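# Structural overview
Okay, here's what each chain looks like letter by letter:
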Amino acid sequence: MSFTVALVGRPNVGKSTLFNRLAGKKLALVDDTPGVTRDWRSAPARMGGLSFTVVDTAGLEDVTDDSLEARMRRQTERALNRADVALFIVDARAGITPLDRHFASLLRKGKTPVLLVANKAEGKAGMPGLYEAFELGLGEPIPLSAEHGEGMADLVQALLPFAPKEDEEEDEFAEAAPTEASELPIGDQPEPAEDLAKPIQIAIVGRPNVGKSTLLNSLIGEERVLTGPEAGMTRDAISVDWEWRGRKFRLVDTAGMRKRARVDAKVEKLAVADALRVIRMAQVVLLVVDANQILDKQDLTIARMVVEEGRALVIALNKWDAVDDRAMALRQVEDKLQATLAQIKGVEVVTISALQGKKLDTLLDSILSTYAQWNRRIPTAQLNRWIEGVLEHHPPPLVEGRRVKIRYATQVKTRPPTVALFVNKPLDLPESYQRYLIGHLRETFELPGVPVRLLLRKQKNPYADD
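Criteria and thresholds
Residues numbered from 1 in each chain as written. Predicted model: local features only at pLDDT ≥ 70, side-chain atom pairs only at ≥ 80, totals over all residues. Heavy atoms only, no water. Helix = DSSP H or I, 4+ residues; strand = E, 2+ residues; numbered from the N terminus. Buried < 20%, exposed > 50% of the residue type's maximum accessible area, 1.4 Å probe, protein only. Contact = heavy atoms within 4.5 Å. Areas by Shrake-Rupley, 256 points an atom, 1.4 Å probe, with all protein chains shown as cover. Polar contact = N/O pair within 3.5 Å; in protein donor to acceptor, adjacent residues only side chain to side chain. Phe/Tyr/Trp six-rings, centres within 6.5 Å; stacked < 30°, edge-to-face > 60°. Core = buried A, V, L, I, M, F, W, Y, C linked by side-chain atoms within 4.5 Å.

A tally of helices and strands in the protein chain yields 13 helices and 17 strands. Expressed as a percentage of the 466 residues in the protein chain, the buried residues total 49%. Of the contacts formed within the protein chain by residues at least 6 apart in sequence, a portion of 71% connects residues at least 24 apart. Accessible surface computed for the protein chain: about 23,500 Å², of which carbon and sulfur atoms make up 49%.

Once that is clear, we can look at the side chain of Arg10. Looking at where Arg10 falls in the secondary structure, it is placed in the loop between β1 (4-8) and α1 (15-23). The exposure class of Arg10 is buried, given its relative accessible area of 13%. A distance of 3.4 Å separates a polar atom in the side chain of Arg10 from a polar atom in the side chain of Thr97. Residues contacting Arg10, with those up to four places away along its chain left out, are Lys15, Gly59, Leu60, Asp91, Ala94, Gly95, Thr97, Leu99 and Asp100.

Within the structure shown, the criterion is met by 7 aromatic pairs. A ring pair is formed by Tyr371 and Trp374, whose centres lie 6.3 Å apart and whose planes are at 40 degrees; its orientation type is tilted. Of this pair, Tyr371 and Trp374 both sit in helix α11 (residues 360-374), 3 residues apart, roughly one helical turn. Overall, Tyr371 belongs to the buried group, its relative accessible area being 4%. Residue classification places Trp374 among the buried positions, given a relative accessible area of 2%.

Attention now moves to the nonpolar core. Looking at soluble globular proteins, one finds that nonpolar side chains tend to be buried together. Among the nonpolar cores identified, the biggest contains 51 residues, and Leu215, Leu286, Leu363 and Leu437 are the most heavily contacted of them. With 6 residues, α11 is the largest single contributor of residues to this core. With sequence-adjacent residues up to four places away left out, Leu363 is seen in contact with Leu215, Leu286, Val314, Ala316, Val350 and Ile352. Counting residues in each nonpolar core, the second largest holds 32 residues, with Ala282, Val289, Ala329 and Val333 among its members.

Spelled out as C-alpha cells, the structure:
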C-alpha cells in the first residue's frame, strides 16, 4: 500500500533524522546546524506492514520575500500540497515556540491532513513539551524519538487510516517492450526487458554554481530544486524519477565539489561525501562545466574520479549562450581532454544552455548513446579475431629474451566493458602494451567515452601437477 507522508516543521526539530529512520538508510544529511536541508527529497519507506513514500523538507521559516529561506519555504509548501498526510514535528525538549504556533495555525487551514509528532520525547526532559503540544490544536501528539527509534509503533497506528485500500492500487510496473535485435549493431546483444523497465541512474555533478540544479529543473520542466546565484546551494543529493521518449530516468542532483583543500565546513564535507556516494551508484555521470571556465583542474579531477569508478561519462558545457569565441572554446576542450583524459578518448561533449533549455534533447541522446556503449557486449569470436590481428601486426615486446604469449580473449562483464586476456606470463606484459591494447580495442569496436578494463589471467596448466 503506497501513499505519501511529508515531514514538516521549523528548523532543527529532527525531520531528517526521522526521514532516515523511516527510509531505513542514512540518505539525508543530519547535523546540529539549523537549515542543513534545503530541498525536499523523497524515499520509499516500509514500517509495520505499511509501504509509503516519505518526504523530507526544509525547515519552515516565517519569511515571504525572495531570500533563500523564502525559496526554501515555497519548496516545502509545494511538497506539502502533494502529500496525502503531513507529520508536523515539534521538539519536545525545547517546548512549543511561537514559530511552532504560527505554522500550526497555517497547517490547520490547509487541505492536507496533519498529524502532530513530538520528537525527542525520550526520558523525562521531553514530558513538559509533550503536554504543551496539545495547545496547537492538531490533536493528540505522538511522542517518539527519531534518533533512538522509540514510538514508531504509535506512528504506524496513526498512519493506518491514510493507507489506500488494496483495490485502489494501480499497477505501476508496466512491462516494457524488448528492443528488436535487428535494431542493434552487429555483435551486440539486446538489452533485457527487465533492464529497459528500470530507470537509468544519472548523476549530475560538477563544481559549485555551474548550473546543475538549473539543468535538472529544465529537464523535468518544473522548479523541483532550489536555484540562485548563491554558490553551494544544493546540499542533499536530490533524486527525481522522470521519463523521456518512453525511457525512464532517475536524475540525481548533487552538491558542488570544490577542491579538497578548500572544503572545511562540516556540512560541506557531508554534502561532498554524499555526492561521491551518488557517483559510485550511478550508471551515467553528467559532468556539468561552466563554458566560461572550461575544464579547470577540479573539473578534470572529477572526470578522472568518474572513470576510475567505471561509470559512463558525458560532459555538458553549460552557459554556452554566454560564450563569445565558440570555436576557440571547443578547441580548448578538445586539447584538454586529449592531454589529460586520453583513457576515455571520444567522450561525448555537448554544448547547452540549461537556463534557456537549449540542446537538452541532444544532451539526452548523447546520454543514451553513451549508456548503450557502457552496456556493450562483444562476442568472443570477434574478440579473438581482433587479438590475432593485433598480435600479427604488433606483438608484445620480448621480456628476458622470451615473448609473452596471449592465448585468447573474452569479455567477462559489461558496465564498463571488461575483457580478460589469458596470458602465459601476466606479470611480464608491460603496462604500455596494455594501454595500446585498450586503445586499439576501443577504436576497433567503437567504444568512445566509456572506461574499458583489461584483466590479465594466467591459463591453468593441465600438466602442472605432474
